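Next come the chains, spelled out residue by residue.
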Amino acid sequence: MELIQALRQKQGEMSQAGFARRLGVSASLLCLIYAGKRRIGEDVVRRIVRAYPDLFWLATGYVMSKDDTAKKSA
């Protein structure tokens, strides 16, 4: 499962603004992440894991794959 899909699943019926507060990020940042206009940075990954420890492996895998992509383009 992709991290963004997992976040949407965790959000469930909660409003996007309420879910963003739960994660400790702004609603606008969450909206940009969902729209694919912003990548999930390490700080946001830490906030996700703090709010949902069960997403640890998925979130750390996301960061690792992001690092691999950056190395390939360098």
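Cut-offs used in this document
Residues numbered from 1 in each chain as written. Predicted model: local features only at pLDDT ≥ 70, side-chain atom pairs only at ≥ 80, totals over all residues. Heavy atoms only, no water. Phe/Tyr/Trp six-rings, centres within 6.5 Å; stacked < 30°, edge-to-face > 60°. Helix = DSSP H or I, 4+ residues; strand = E, 2+ residues; numbered from the N terminus. Buried < 20%, exposed > 50% of the residue type's maximum accessible area, 1.4 Å probe, protein only. Lys NZ or Arg CZ within 6 Å of the ring centre and 35° of its normal.

K.L.:
Help me get a handle on the packing of aromatic side chains, residues and values and all.
P.N.:
Going through the model one piece at a time under the given rule, you end up with 2 aromatic pairs. Their ring planes at 35 degrees and their centres at 6.0 Å tell us that Phe19 and Tyr52 sit as a pair that is tilted. In this pair, Phe19 is assigned in helix H2 (residues 16-23) and Tyr52 in the loop between helix H4 (42-51) and helix H5 (56-73), connecting sequence segments 33 residues apart. The class of Phe19 is buried, set by a relative accessible area of 0%. Plain terms: the ring middles of Phe56 and Trp57 are 4.9 Å apart, the flat faces sit at 80 degrees to each other, and that makes the pair edge-to-face. What makes Trp57 exposed here is its relative accessible area of 70%. A cation sits over an aromatic face here: Arg8 above Tyr34, 4.0 Å from the ring centre. The side chain of Arg22 reaches across the aromatic face of Tyr52, ending 4.7 Å from its centre.

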